[in-house]
Amino acid sequence: MPDRLNLAQRAADLQRMAGETFDIVVIGAGSTGTGSALDAASRGLSVALVEARDFASGTSSRSSRLIHGGLRYLEQGELCLVREALRERSLLLNVIAPHLVRPVPFLYPLTRRLWERVYVGAGMLAYDTLGGSRGLHRHRHMTRRQALRIAPGLDPDALIGAIQYCDAKVDDARHTMTVARTAARYGAAVASNAPVVGFLREAGRITGVRVLDLQSREEIEVRSRQVINAAGVWTDDVQQLVGERGKLRVRASKGIHLVVPRDRVQLDTGLILRTEKSVLFVIPWGRHWIIGTTDHDWELDKAHPAASFTDIDYVLDQVNSVLASPLAHEDVEGVYAGLRPLLADESEGTGKLSREHSVSSPAPGLVSVAGGKYTTYRVMGRDAVDAAVRGLDQKVPPS
Ligand SMILES: Cc1cc2nc3c(=O)[nH]c(=O)nc-3n(C[C@H](O)[C@H](O)[C@H](O)COP(=O)(O)OP(=O)(O)OC[C@H]3O[C@@H](n4cnc5c(N)ncnc54)[C@H](O)[C@@H]3O)c2cc1C
């Protein structure tokens, strides 16, 4: 089994893909596709994983990098989603990837008297209780003085007290790459720069995919008994190659982050700020802060989402509302934008769309998995593979 993913391994795996019939082909090597490939390979299935560009080059390298349940989803009443994500957080922190996933504290500045402390405190108590305490500190209430001691960069007039709670963070691209490599170690054939450009069909059934090798410009036919479409915001485009309308509609919602030098904001903790429609995070990241995010529909090129000046000004305005020394455009060393693959609902704004995932089988031999969050990639992979296994007609061990 290969130890690394490189040109020699890629060439060998493409050769394998041209000759073998796999149990499952997975389209897309973001967190969902690599999670599906690893789940299937570790259950003893033969797997091919193909990625149009580079590993994690889509949304899975452009997130807020939090492994979290999401306090905001708790407030929206998405209890099952939060519980599931917090279970995954605990698994990732303590069992699956303690070398990649790290605790991160967040301070929530309070601005209103008693009711806000009671309301937010109750939410954090529920969050801690649902998440279990292993590996993370429980939330704690603070006076303004205590809060300013760990967050001297805050404007003293911007808070009357605070509550601090703990979540987790991960280098998303590195983690996805690690999952792809682990899938390869379990025997998956893996190739990047290998977009799916068509489907193979026999008697109305999907029996594989046509893959374009972007290095040689040759097309190969990869045969399989099941195909999993894990193409994130490209789910509908891949579905269109089948020639039939799928059951899942995915809407792309853009979120941006600013990258600011650590010494520009004096904090010994991350921050979470309530905004009009959502929340804003200030996340410690090495010698920088990552500050975001936003939530707007994106209709342009999905491979190149970009931040507008309006997006940047919005994030600066939000964070400056609590800082003693406001950030300016010159303080911003980097900006990145990503697209959330949200399950579509024509009637809602993207901020209100659920972060739950869905699995469907739009054609015999094809399974689509979309929506969800980075944090729940393992559950998404498991559910997609479970659906594919139902079409395999053989006994496969559980995930
Ligand atoms: C701004 C922002 C912040 C976020 N923050 C968080 C967070 O803090 N925590 C959290 O849990 N979640 C977060 N998310 C959500 C999370 O990042 C996504 O849900 C997750 O990364 C989606 O992964 P994916 O594998 O489904 O999609 P992607 O990572 O986009 O992967 C899909 C892959 O399919 C490939 N592909 C497309 N077409 C083809 C084809 N024809 N052939 C082969 N391959 C193809 C693409 O190149 C791509 O690599 C955030 C999202 C955004 C946008």
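The coordinates are above.
Residues numbered from 1 in each chain as written. Predicted model: local features only at pLDDT ≥ 70, side-chain atom pairs only at ≥ 80, totals over all residues. Heavy atoms only, no water.

Caption draft 1: A look at the overall build of the protein chain. Across its full length, the protein chain carries ten helices and 18 strands. What you see for the protein chain is a C-alpha radius of gyration of 22 Å, in line with the 21 Å of a compact globule of 399 residues. Counting only C-alpha atoms and orienting by the principal axes, one finds that the protein chain spans roughly 70 × 45 × 40 Å. Expressed as a percentage of its 399 residues, the buried residues of the protein chain come to 56%. (Helix = DSSP H or I, 4+ residues; strand = E, 2+ residues; numbered from the N terminus. Rg over C-alpha atoms; globule rule 2.2 N^0.38 Å. Buried < 20%, exposed > 50% of the residue type's maximum accessible area, 1.4 Å probe, protein only.)

Caption draft 2: View of helix α2 (residues 31–42). Relative to the 16 Å expected for twelve residues at 1.5 Å per residue, α2 spans 16 Å between its end C-alpha atoms, a close match to the ideal helical length. Burial analysis of α2 places eleven of its twelve residues in the buried class, which makes it a mostly covered element. Along α2, the residues classified as buried are S31, T32, G33, T34, G35, S36, A37, L38, D39, A40 and A41. Packing partners of the buried residues in α2 comprise β1 (21–27), β2 (47–50), α7 (172–185), β10 (219–229), β18 (366–371) and α10 (377–390). (Expected span 1.5 Å × (residues − 1). Contact = heavy atoms within 4.5 Å.)

Caption draft 3: Highlighting the site of the ligand. With respect to spatial proximity, 37 residues lie near the ligand, and among them T32, E51, S60, L66 and T375 are the closest. Residue T32 places a side-chain N or O atom 2.8 Å away from an oxygen atom belonging to the ligand. Between an oxygen atom of the ligand and a side-chain N or O atom of S60, the distance comes to 2.6 Å. Protein chains bury 95% of the 1,000 Å² of accessible surface belonging to the ligand in isolation. If you list the elements that add at least two residues to the shell around the ligand, you get α2, β11 (250–261) and β16 (334–343). A per-element tally of the shell around the ligand places β16 first, with four residues. Here the residues of the shell around the ligand are counted per class, giving 13 nonpolar, 18 polar and six charged. (Near = heavy atom within 4 Å. Polar contact = N/O pair within 3.5 Å; in protein donor to acceptor, adjacent residues only side chain to side chain. Areas by Shrake-Rupley, 256 points an atom, 1.4 Å probe, with all protein chains shown as cover. Nonpolar A, V, L, I, M, F, W, Y, C, P; charged D, E, K, R; others polar.)

Caption draft 4: Main features of the packing of helix α4 (residues 79–96) against helix α5 (residues 114–131). Axis separation between α4 and α5 bottoms out at 8 Å; the angle between their running directions is 55 degrees. Between α4 and α5, the angle is such that the two are oblique. The hand of the α4/α5 crossing is right-handed. Here L79, V82, R83, L86, R89 and S90 of α4 lie close against α5, whose contacting residues are Y127, L130 and G131. Of the residues contributing to the contact of α4 with α5, the split by class is five nonpolar, two polar and two charged. (Axes fitted to C-alpha atoms, helices over the stretch in contact; angles between N-to-C directions. Parallel < 35°, antiparallel > 145°, perpendicular 65-115°, else oblique. Left-handed = near helix turned anticlockwise from the far one by under 90°.)

Caption draft 5: Structural view of the pattern of salt bridges. Scanning the entire structure with this criterion turns up 20 salt bridges. One salt bridge in this structure joins R210 and E219, with 2.5 Å as the shortest N-O distance. We classify R210 as partly exposed; its relative accessible area is 27%. You can call E219 partly exposed: its relative accessible area is 45%. Close ionic contact of R223 with E221 constitutes a salt bridge, the shortest N to O distance being 2.9 Å. We classify R223 as partly exposed; its relative accessible area is 32%. Overlapping salt bridges, with partners in common, bring together D39, R43 and D386 in one network. (Salt bridge = Lys/Arg side-chain N within 4 Å of Asp/Glu carboxyl O.)

Any functional reading would require information that these geometric values do not contain.
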